[in-house]
Amino acid sequence: PVADRGYAATRALLENAGVPFVAAATVADAEEAVRAAAAIGYPVALNALGLLHKSDAGGVVLGLRDEAALRAALADVVARLAPPALSVERMGPLADGVELIAGARWEPRLGPLVMVGLGGVHAETLRDVRVALAPVDADGAEAMLRSLRGAPLLLGARGGTALDVRACAEAVGALSRVAAAHPELAELEVNPLLALPEGALALDARAV
């Protein structure tokens, strides 16, 4: 059973199952953050842990390009939100991709369900998702992705770059296997899962 449902442990659980994540380190203060950023490489993002809808609360700060910017952002986030911990993370190439959401939950009568859809901060507004019984394989997850209303965004609509749908499908399949294997996890979510021209990257994760 999964005992630790914190951010770092959830990341590790999913990463070990095959979900690719950006490099990250959990830190407690500015000095740890600076050392982590130097090891990871700038630009970095700062992520306030332990908060729901942290983007809306200003708990995610992107594109920090040097130590001074990181220190200023950390001081601001700590002053406003007092998070129990923070994560310093390598910036994902957001401009090159499309943000998806992938998740799973256990239903009393059905068992584990996996969900995938358009994600990021607008996931709840767009509500463009597909749901299936978990686990799903990569073929099943790819069929879900291709059936989204927003699928043309992944496939190169209007002259855009086609994104790596297969890599996203493999990540969704990996998440679904974790969910099916751990009924003690009522919910499991990656948001966003960044679809890129080559590959996919999970930028955040949570477990309940």
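Here is a short report on the structure shown in this document.

Each value, and the rule that gives it
Residues numbered from 1 in each chain as written. Predicted model: local features only at pLDDT ≥ 70, side-chain atom pairs only at ≥ 80, totals over all residues. Heavy atoms only, no water. Pairing = 2+ DSSP bridges. Helix = DSSP H or I, 4+ residues; strand = E, 2+ residues; numbered from the N terminus. Axes fitted to C-alpha atoms, helices over the stretch in contact; angles between N-to-C directions. Contact = heavy atoms within 4.5 Å. Salt bridge = Lys/Arg side-chain N within 4 Å of Asp/Glu carboxyl O. Buried < 20%, exposed > 50% of the residue type's maximum accessible area, 1.4 Å probe, protein only.

1. Brief notes about the pairing of strand E5 (residues 98-107)
The two faces of the sheet receive side chains in turn, since in a regular strand these alternate between them.
And step 1. Of the strand pairs in this sheet, E5 and strand E8 (residues 187-195) are connected by seven bridges, and their pairing is antiparallel. Of the residues in E8, the one forming a bridge with Ala102 is Val190.
And step 2. Inspection of the sheet shows E5 paired to strand E6 (residues 111-118) by eight bridges, in the antiparallel sense. Bridging from a neighbouring strand, Ile101 pairs with Gly117 of E6.
And step 3. Linkage of E5 to E6, two consecutive antiparallel strands, is achieved through a turn of three residues.

2. Details of the sheet that holds strand E1 (residues 24-27)
And step 1. One open sheet accounts for four strands, arranged E1-E4-E2-E3; its pairing is antiparallel. With partners counted over all chains shown, the strands left at the sheet margins are E1 and strand E3 (60-64), one partner each. Across the sheet, the axes of successive neighbouring strands diverge by a mean angle of 20°, strand direction being ignored.
And step 2. This element, helix H1 (residues 7-17), spans E1, strand E2 (44-48) and strand E4 (86-90) of the sheet and lies at about 40° to E4.
And step 3. Relative to E2, helix H3 (residues 67-81) is tilted by about 10°, and along the sheet it contacts E2, E3 and E4.

3. Structural notes on the pattern of salt bridges
And step 1. The tally for this structure, following the rule as stated, stands at 10 salt bridges.
And step 2. The partner of Arg71 in a salt bridge is Glu31, and the shortest N-O contact between them spans 3.0 Å. Note that Arg71 is positioned in helix H3 and Glu31 in helix H2 (residues 30-40), a separation of 40 residues in sequence.
And step 3. For Arg71, a relative accessible area of 30% translates into the label partly exposed.
And step 4. A relative accessible area of 41% means that Glu31 is categorised as partly exposed.

Scope: geometric values only; no functional claims are made or implied.
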